[in-house]
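Observations on chain architecture
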Amino acid sequence: MSVTLASDLLVEHSGHQMRLRGEGSSLVAEFDSLSAIRVMRRSLPSPGTRLPEPLRLPGLDAVEVEVRVRGRAVAEVHAHDHALNVRVLWLGLFAAILHLPVRG
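Residues numbered from 1 in each chain as written. Predicted model: local features only at pLDDT ≥ 70, side-chain atom pairs only at ≥ 80, totals over all residues. Heavy atoms only, no water.

**Remarks on the pairing of strand β5 (residues 72–80)**
- Taken together, the six bridges between strand β4 (residues 64–69) and β5 define a ladder with antiparallel strand orientation. Counterpart to arginine 68 in the pairing with β5 is alanine 73.
- Between the end of β4 and the start of β5, which pair antiparallel, lie two residues, with arginine 70 showing a positive phi angle near 50°.
- Note: β5 against strand β6 (residues 83–88), six bridges, orientation antiparallel. (Pairing = 2+ DSSP bridges. Helix = DSSP H or I, 4+ residues; strand = E, 2+ residues; numbered from the N terminus.)

Structure follows, in structure tokens:
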């Protein structure tokens, strides 16, 4: 079972926004700031711990999410065995912290 996102999904939480959209074979989570990631991360399970039963969906292990802040990729999230694995993209994270422009 594959996951397909046919339209944008806008999620608001504690005054911050995340836009989730399909892009190629993966999903993209676009945040307006790094603080938005910190706020939303508090409501998710810690990386490496198993997801709660309601979030254990068939086919979720095939989902890859690229996390972006203002157009810059800062992390990749993969699900494996009902747990989230996060890989930080350090150069992108530092560029987002310094508000460097995104190269086209």
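**Quick word on the pattern of salt bridges**
- Enumeration according to the criterion identifies three salt bridges in this entry.
- Measuring nitrogen to oxygen at the nearest pair gives 4.0 Å for the salt bridge that ties arginine 19 to aspartate 8. Of this pair, arginine 19 sits in strand β2 (residues 16–23) while aspartate 8 sits in the segment before β1 (9–13), placing them 11 residues apart in sequence.
- Among the salt bridges present, the one from glutamate 66 reaches arginine 68, with a minimum N-O distance of 2.4 Å.
- Classification of glutamate 66 as partly exposed rests on a relative accessible area of 23%. (Salt bridge = Lys/Arg side-chain N within 4 Å of Asp/Glu carboxyl O. Buried < 20%, exposed > 50% of the residue type's maximum accessible area, 1.4 Å probe, protein only.)

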